[in-house]
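What follows is the residue order along each chain.
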Amino acid sequence: MSGKFTTEADVVVLGGGIFGLASAYFLCRFGKKVILIEKKDVGSGASGSNEAWVWLSSRKQAVLPFARLSQQFYANFEETFGMDVEYNNCGGYIVAESEEEMELFKPWVQGRWNEGMVEMQLLDGADFHARMPQISRHVVGATWNPLDGCVNSILVCVALKDAVKAQGGEVWTQTDVTAINLKGKRVHEVECSRGTIRTDVVVNATGSWAAQIGKLVNVDIPILPNRMTVLVSEPIAPFMDTVMMSATYVFEELAKAKKLAAIEAGEAEELEAGYVYAQLRKGNLLLGSTEDFVGYDNLVNFECPVAIAKCINDLTPPLRNKKVNIIRSFANFFPYTKDDLPVMGAVPGVDGFIMASGLNGGGMALGLGCGFTIAQQVAFRDSMIPIEPFSITRKSLY
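All figures in this text were calculated on a predicted structure; none of them were measured in a lab. (Residues numbered from 1 in each chain as written. Predicted model: local features only at pLDDT ≥ 70, side-chain atom pairs only at ≥ 80, totals over all residues. Heavy atoms only, no water.)

Asks: Which residues make up helix H4 (residues 99-114), and what are the values?
Replies: With 16 residues, H4 ought to run about 22 Å at 1.5 Å a step, and its terminal C-alpha atoms sit 23 Å apart, in line with that. Of the positions making up H4, those classed as buried are Glu101, Met102, Phe105, Trp108, Val109 and Arg112. Just downstream of H4 lies Gly116, where phi reads positive at about 105°. (Helix = DSSP H or I, 4+ residues; strand = E, 2+ residues; numbered from the N terminus. Expected span 1.5 Å × (residues − 1). Buried < 20%, exposed > 50% of the residue type's maximum accessible area, 1.4 Å probe, protein only.)

Asks: Give me the packing of aromatic side chains: which residues, what numbers.
Replies: As enumerated under the stated definition, the model contains 20 aromatic pairs in all. Between Tyr25 and Phe81 the ring centres are 4.9 Å apart and the planes differ by 55°, which places this aromatic pair in the tilted class. Within this pair, whereas Tyr25 is found in helix H1 (residues 18-29), its partner Phe81 is found in helix H3 (residues 77-81), the two being separated by 56 residues in sequence. Judged on exposure class, the residue Tyr25 and its partner Phe81 are both buried. With 5.2 Å between their ring centres and 75° between their planes, Phe293 and Tyr336 make a pair best called edge-to-face. Within this pair, whereas Phe293 is found in the loop between strand S17 (285-292) and helix H10 (303-315), its partner Tyr336 is found in strand S18 (residues 326-336), the two being separated by 43 residues in sequence. Taking relative accessible area as the criterion, Phe293 reaches 12% and is therefore assigned buried. When its relative accessible area of 5% is taken as the criterion, Tyr336 is described as buried. One aromatic cluster is present, formed by Tyr25, Phe26, Phe30, Phe73, Tyr74, Phe77, Phe81, Tyr87, Phe372 and Phe380 through successive ring pairs. Taking the ring centre of Trp172 as reference, the NZ or CZ of Arg194 above it sits at 4.4 Å. (Phe/Tyr/Trp six-rings, centres within 6.5 Å; stacked < 30°, edge-to-face > 60°. Lys NZ or Arg CZ within 6 Å of the ring centre and 35° of its normal.)

Asks: Please set out unusual backbone geometry residue by residue, giving values where relevant.
Replies: Here the bond from Gly288 into Ser289 is cis, since omega is -10°, no more than 30 degrees from zero. By the secondary structure assignment, Ser289 is in strand S17. Notably, Gln174 is not glycine yet its phi reads approximately 55°, a positive angle. The residue Gln174 is located in the loop between strand S9 (170-172) and strand S10 (177-183) in this model. On the basis of relative accessible area, Gln174 is assigned to the exposed category, the value being 55%. A positive phi angle, near 60°, is found at Asp340, a position not held by glycine. For Asp340, the position within the fold is in the loop between S18 and strand S19 (343-347). Residue classification places Asp340 among the partly exposed residues on the basis of a relative accessible area of 25%.

Asks: Describe the side chain of Ser49, with residues and values.
Replies: Mapped onto the elements, Ser49 comes out in the loop between strand S3 (34-37) and strand S4 (53-54). Those residues in contact with Ser49 that sit more than four places away from it in its chain are Gly43, Phe330, Asn332 and Phe334. (Contact = heavy atoms within 4.5 Å.)

Asks: Quick rundown of the sheet that holds strand S14 (residues 224-233)? Include the residues and the values.
Replies: Sheet architecture is open: eight strands sit in the order S6-S7-S5-S15-S16-S17-S14-S18, paired in mixed fashion. Every other strand in the sheet has two partners, leaving strand S6 (121-124) and S18 as the edge strands with one partner each. Each adjacent strand pair in this sheet contributes to an overall mean axis angle of 20°, direction not counted. Where strand S5 (residues 92-96) and strand S15 (residues 243-246) come together, four bridges link them in parallel fashion. The residue bridging Tyr93 from the neighbouring strand is Met244, located in S15. Here H4 sits on the sheet in contact with S5, S6 and strand S7 (141-145), set at roughly 135° to S5. Where H10 meets the sheet, its contacts fall on S5, S14, S15, strand S16 (273-279) and S17, and the angle it forms with S17 comes to roughly 125°. (Pairing = 2+ DSSP bridges. Axes fitted to C-alpha atoms, helices over the stretch in contact; angles between N-to-C directions.)

Asks: Requested: an account of empty space enclosed by the protein, with residues and values cited.
Replies: Counting across every chain of the model gives two cavities of 30 Å³ or more. Roughly 60 Å³ of volume is contained in the second largest cavity. Along the walls of the second largest cavity sit Ser58, Arg59, Lys60, Val63, Asp340, Leu341, Pro342, Gly358, Leu359, Gly362 and Leu366, which together make up its complete lining. Its residues assigned to classes, the lining of the second largest cavity comprises five nonpolar, three polar and three charged. (1 Å grid on protein atoms, 1.4 Å probe; cavity = no way out; pocket = protein on both sides within 12 Å on 5 of 7 lines; lining within 4 Å. Points joined across faces, edges and corners; volume = space filled by probe spheres on them. Nonpolar A, V, L, I, M, F, W, Y, C, P; charged D, E, K, R; others polar.)

All quantities given are derived from atomic positions and should not be read as evidence of function.
Structural data, given as structure tokens:
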């Protein structure tokens, strides 16, 4: 333990993704002295390498209040933060490629309506193709949700970083956390490569690395890295002003826990690609995607781009005919939880250690609302949106 403090802070936030940055920003707004620590640069993890979606359609009912709150922040983002982050509330489709998937949609959409997502519509093939003639005729129907959209996720992270600094907070990038020291059962200080910070509160917003931070305070955090691979095209003229995914992806999400159990049992993971589409303002297409559990290996292997390309060609023949060039690919890790819900709030047995991780691909849709909520909890010990369902002690997490 260091005998000399480098500095002091009311709260130390670990992680420079959207969850950590939003938490830090709102904590500053609530009058707290905040230092945010990021081992690389802001947005260097899942928050900067994703499909740029602000996606509500397949989010679980429990997190929809965070998503709707995030949408309110996006609607006024440029006015609040002084930066245009290319937010586009364009709406989104989930497409069914078989009658079997269409039948699965009917109870699923009814469930969405029952959960309060009354904006969602179920379209038959004729209605869908009238709206989206670019999509292959083998698609038999789709859901439509006007709440979905996209955003430039890197710009979001940059804007939040600047806002934290403008509110008096500090952002320490290229900084490794080496220890979290306790005094009794309470957080006392954080040791990092830049020195030691005296603090009573640490917010663990490190996403797929949350379990590694948990080990510093002897806490088991059941969050795993789920690798997602995405292709980026050259800029092209506007093609479809929407975001879109295949039903295969949605129903694969429901089976992900079974897939992970099979991997843990020593079975080989079968690589599958689900159709994912978004177009950024500059014209680049974000196309995907494949997901697999490979630990922290973020190399893009040959099989992933090939599977994605086949999926894209099958569903969007005009892109195949245009011979659109792919200029790069990337893979990053989404923080996976068994029940597809984030882990938020205090950790029993370690006073002052706060969880804020596990958005599992929903960072852009949920991060602003979740960060605001964590900041309320830390600053006021209460929040507008209750966080008890997201406790690290819930049975569904294990």
